[in-house]
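Structural description and commentary
Residue-level listing of the chains:
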Amino acid sequence: MKQAPTVLIVPGLRDAVPQHWQTLLAPRLARVVCVPPMGREELDCGRRVAAIEAAAQAIEGPLAIVAHSGGCIMVAHWARQTRRAVRAALLATPPDFETPMPAGYPSMEALRAGGWLPLPRQPLPFPSLVAASRNDPLGSFELVGQLARDWGAALEDLGEVGHLNPASGYGDWPRALEWVEALGAELSY
């Protein structure tokens, strides 16, 4: 029987917040590590990718990833340069950074200067599930679906859940735990 993976939680650009589903999911997992907060103003993609690498390399044994929003894009950048094996990843509501974001989010120029663009389009070297919303203000379902195809990931249609964050009415998200458990059960044979 294979060892259950440690789950690495990768938050988005706004870091972890108390009522976010990732924050609520973490204490329910037996083996979990969270990428440390970097601050909302930190737009250096390289620094954020380095934080993922440091956290992933510090984990002994198998690794699974649960990322949200900009964290999904960070994982895609990280996957291009790491040698760390990953069993599987849940990538929830990745944004479309190639389309101008709503007010209050980084501009295209800031994302480009921070090293986020162009978005990585290569297949990810591990099984992945992209969970996408039909009414996400940060990425249309069609464009996020194309990202999933480019990454070689399965696509899960969540329906209309906004950006799957507290502002969209999501704190606890029980399906995240179900998916993590299903991935662990599927991969721990």
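Keep in mind that what you see is a predicted model, and the values were worked out from it rather than measured. (Residues numbered from 1 in each chain as written. Predicted model: local features only at pLDDT ≥ 70, side-chain atom pairs only at ≥ 80, totals over all residues. Heavy atoms only, no water.)

1. Observations regarding the nonpolar core
Ranked by size, the top nonpolar core spans 43 residues in total, and within it Leu-8 and Trp-78 carry the most contacts. At the level of elements, β1 (6-10), α2 (45-58), β3 (63-68), α3 (70-79), β4 (88-92), α4 (108-113), β5 (128-132) and α5 (141-151) are the ones that each hand at least two residues to this core. Among the elements that take part in this core, α3 stands out by supplying 7 residues, more than any other. Leave out the neighbours within four places in its chain, and Leu-8 touches Val-33, Val-35, Ile-52, Ala-55, Ala-56, Ile-59, Leu-63, Ala-64, Ile-65 and Val-66. In terms of nonpolar packing, the next biggest core, distinct from the first, is built from 19 residues, Ala-92, Leu-158, Leu-164 and Leu-177 among them. (Core = buried A, V, L, I, M, F, W, Y, C linked by side-chain atoms within 4.5 Å. Buried < 20%, exposed > 50% of the residue type's maximum accessible area, 1.4 Å probe, protein only. Helix = DSSP H or I, 4+ residues; strand = E, 2+ residues; numbered from the N terminus. Contact = heavy atoms within 4.5 Å.)

2. Some details on the packing of aromatic side chains
The full count for this structure, using the stated rule, is 3 aromatic pairs. An angle of 85° between the planes, with centres 5.6 Å apart, marks the rings of Phe-97 and Trp-116 as edge-to-face. In this pair, Phe-97 sits in the loop between β4 and α4 while Trp-116 sits in the loop between α4 and β5, placing the two residues 19 residues apart along the sequence. Of the two residues, Phe-97 and Trp-116, both sit in the buried class. On the numbers, 5.4 Å between centres and 75° between planes, the contact of Trp-173 with Trp-179 is edge-to-face. In this pair, the class of Trp-173 matches that of Trp-179, namely buried. Ring pairs connect the aromatic residues Trp-21, Trp-173 and Trp-179, which therefore count as one cluster. Stacked on the ring of Phe-141, the Lys or Arg Arg-134 has its end atom at 3.8 Å from the ring centre. (Phe/Tyr/Trp six-rings, centres within 6.5 Å; stacked < 30°, edge-to-face > 60°. Lys NZ or Arg CZ within 6 Å of the ring centre and 35° of its normal.)

That is the geometry; function is a separate question.
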